[in-house]
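# Examination of the molecular architecture
Next come the chains, spelled out residue by residue.
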Amino acid sequence: MTAPAPAPAPAPAPGTKTDERLVHTSPLRKLMGRPELGSIVGAIAVFLFFSIAADSFLRASSFGTVLYAASTIGIMAVPVALLMIGGEFDLSAGVMVTSSALISSMFSYQMTANVWVGVFVSLLVTLLIGVFNGFMLTRTKLPSFIITLGTFLMLTGLNLGLTKLISGTVSTKGIGDMEGFASAKAVFASQITIGSVNLKVTILWWFVLIALATWILLRTRAGNWIFAVGGEKDAARATGVPVNKTRIGLYMGVAFAAWVSGQHLLFSYDVVQSGEGVGNELTYIIAAVIGGCLITGGYGSAIGSAVGAFIFGMTSKGIVYAEWNPDWFKFFLGAMLLLATLLNAWVRKRAEARS
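Residues numbered from 1 in each chain as written. Predicted model: local features only at pLDDT ≥ 70, side-chain atom pairs only at ≥ 80, totals over all residues. Heavy atoms only, no water.

## Considerations on helix α4 (residues 93-111)
The α-helix advances 3.6 residues per turn, and as a result positions three or four apart in sequence lie on the same side. The condition that has to hold: Secondary structure elements are taken from DSSP: a helix is a run of H or I of four residues or more, a strand is a run of E of two residues or more, and numbering for both begins at the N terminus. The length a helix should cover is 1.5 Å for every residue beyond the first. Working definition: with a 1.4 Å probe on protein chains only, accessible area under 20% of the residue-type maximum means buried, over 50% means exposed, and in between means partly exposed.
Between the first and last C-alpha of α4 there are 27 Å, a value that for 19 residues agrees with the 27 Å anticipated at 1.5 Å per step. Here α4 lies mainly inside the structure; 14 of its 19 residues are buried. Among the residues trailing α4, Thr-112 stands out with phi positive, at a value near 45°.

## Section: the packing of aromatic side chains
Put simply, the rule is: Geometry of aromatic contacts follows a simple scheme: Phe, Tyr and Trp rings, the Trp one being its six-membered ring, pair when their centres are within 6.5 Å, and the pair is stacked under 30 degrees between planes, edge-to-face over 60, tilted otherwise.
According to the stated counting rule, one finds 13 aromatic pairs in the structure shown. Ring plane angle 45° and centroid distance 6.0 Å describe the contact between Phe-50 and Trp-324, whose orientation is recorded as tilted. Residue Phe-50 is located in helix α2 (residues 37-53), and its partner Trp-324 is located in the loop between α13 (302-321) and α14 (328-354); the two are separated by 274 residues in the primary sequence. Using a relative accessible area of 2% as the deciding quantity, one classes Phe-50 as buried. Relative to Phe-267, the ring of Phe-188 has its centre 6.1 Å away and its plane inclined at 15°; by these criteria the two rings are stacked. Of this pair, Phe-188 sits in helix α7 (residues 181-188) while Phe-267 sits in helix α11 (residues 243-269), and the two are 79 residues apart along the sequence. By the burial criterion, Phe-188 is buried, and Phe-267 matches it.

## A short note on a nonpolar patch on the surface
Our working rule: Each patch is assembled from residues with relative accessible area greater than 30% and no salt bridge, linking like charges that lie within 9 Å and nonpolar side chains (Val, Leu, Ile, Met, Phe, Trp, Tyr) that lie within 5 Å. Surface accessibility in these figures is a Shrake-Rupley result with a 1.4 Å probe; residues are shielded only by whichever protein chains are displayed. A side-chain nitrogen of Lys or Arg and a carboxyl oxygen of Asp or Glu constitute a salt bridge if their distance falls within 4 Å.
Taken together, Ile-40, Ile-44, Phe-47, Leu-48 and Leu-58 make up a surface patch of nonpolar side chains, about 460 Å² in accessible area. Locating Leu-58 in the fold gives a position in the loop between α2 and α3 (60-85).

## A closer look at the pairing of strand β1 (residues 191-194)
This is how it is decided: Only when DSSP finds a minimum of two bridges between them are two strands counted as paired.
Across four bridges, the pairing between β1 and strand β2 (residues 197-200) is antiparallel. By the bridge assignment, Ile-192 is partnered in β2 with Leu-199. What sits between β1 and β2 in their antiparallel hairpin is a turn of two residues, with Gly-195 showing a positive phi close to 65°.

## What about α11?
If you check α11, its first and last C-alpha atoms are 40 Å apart, about what 27 residues at 1.5 Å a residue would give, namely 39 Å. Asp-270, located one to two residues past α11, shows a positive phi value of around 75°.

## Quick notes on the packing of α4 against helix α6 (residues 144-167)
Defined as follows: For helices, the axis comes from a line fit to the C-alpha atoms of the stretch in contact; other axes are also lines fit to C-alpha atoms, and the angle between any two N-to-C directions lies between 0 and 180 degrees. Here is the rule for angles: anything less than 35 degrees is roughly parallel, anything more than 145 is roughly antiparallel, 65 through 115 is roughly perpendicular, and the remaining ranges are oblique. In this scheme the crossing of two helices becomes right-handed for a clockwise turn of the near helix relative to the far one and left-handed for an anticlockwise turn of less than a right angle. In this analysis, two residues are considered to be in contact whenever any of their non-hydrogen atoms come within 4.5 Å of each other. In the scheme used here, Gly and all other residues not listed as nonpolar or charged are polar, with Ala, Val, Leu, Ile, Met, Phe, Trp, Tyr, Cys and Pro taken as nonpolar and Asp, Glu, Lys and Arg as charged.
Two elements in contact, α4 and α6, have axes whose closest approach is 10 Å; the angle formed by their N-to-C orientations is 25°. With respect to each other, α4 and α6 are oriented roughly parallel. Along this stretch, α4 crosses α6, giving a crossing that reads as left-handed. Residues Val-95, Met-96, Thr-98, Ser-99, Leu-102, Met-106 and Gln-110 of α4 form the contact with α6, whose participating residues are Phe-152, Leu-155, Thr-156, Asn-159, Leu-162, Thr-163, Ile-166 and Ser-167. Classifying every residue of the contact of α4 with α6 gives eight nonpolar, seven polar and no charged.

## Observations regarding the confidence of the model for the protein
Let me state the cut-off plainly: Confidence of the predictor in every single residue is expressed as pLDDT, which spans 0 to 100.
Per-chain confidence: the protein averages 86 in pLDDT, with 88% of residues scoring 70 or above. Low confidence marks residues 5-9, where pLDDT is under 50. Its contacts with residues over four positions away, or in another chain, come to zero contacts. Across residues 11-23, confidence stays below pLDDT 50; counting only partners more than four residues off in sequence or on other chains, it has zero contacts.

Rendered as C-alpha cells:
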C-alpha cells in the first residue's frame, strides 16, 4: 500500500508577497548578479587581444611574468577592495608600502640587528598607521579622502626627510650581508621554477589573501558587517553592527598588505628609494573598480579585484611583448576603467531587473 501524495501547497493570496529566500534562483541569474562578471569578460577580451597582437604573449615563460606583475598590484588591491566595499578609500596605500620597506631597512641597519627584528618593527608601525587612519576617520567624521590624503602627504614627507637625515641620501643602505636577510628573502622575494615558468612568491601571497578575503566576505559575520557599513552605516549601527571597529579593521587590513608589499620591495632589491610608491594608490583603487567595486560602497568582491589586477598585468606586459610604445599603457588603462565601469553598471541593472 502506497502513501498518498502530499497535497500541493496553497497558492499565495492575491497581493501577498512570497518569501524571497524560498524563491528558486537560476544559475544564470546568480551569475548575472556577481560583481566580478564584468571584469571577467574584460579579462577574456584583453587576453584574446594580446594573444593576437603579440606572438610571445602565449609563451609559458610570459605567463609567470604576467602573474608577477598582477600580484604586485593584487596584494594591495584585495584589501583596498574590502575597504571600498565598506564605503571608504585609502590614498596613503601606495606610500605606506615604501614606508614599510624603509622602516625595516633603516631599523635593521642602524641597530645592527637581525633583519627580522626590523621586519617585525615595520609590521607593528605599519599596522599603527592603519589604526591611525581608521581612528581619525571615526573620531573626526571627516571623509576618508581627506584623512588619508593627509596621511599620504605626511608619509611622503617622512619617507624623504627621515631617509636623508639618517642615510644622507634618498635611498637606504644595503642590508644584503646582514644576518637573517637570506631567510627573509625566501619568505618575501623568492621564486620557484616549474618547467620554463618562474613564479615569484608574491603570487602565493596574493592567492592566500584572495582566499582569506573571500572567506571573510562570504562566510563570516565580519563580512556581513563590511557590506552593511558600506551600504548604509547609520542603519548598520542601529542593528548592532560595530561600525567603528569594522572601519579600523579594514584600514589595518590595507596596512598589513602594505607591509607584505614593502618587504617584497626591500628584499628584492636590498635597498629602497624613498620617493617610490607615489601614485600607486590610484592603481589599487582602479583595479578594485575594474573588478566590480562601487565607488559608493556596499558592493564588490575580492575575486573581482584579483581579476582587475590580472588585467593590469596582462596589459602592462602585453604592450611590451607587442613591442609598442609603453606610453600607450595609460590610454589602455583609462579605456579599461571606463569600459569595465559601464559593463559592471549594466550587469548590475540587469541583475536587479531580473530579481
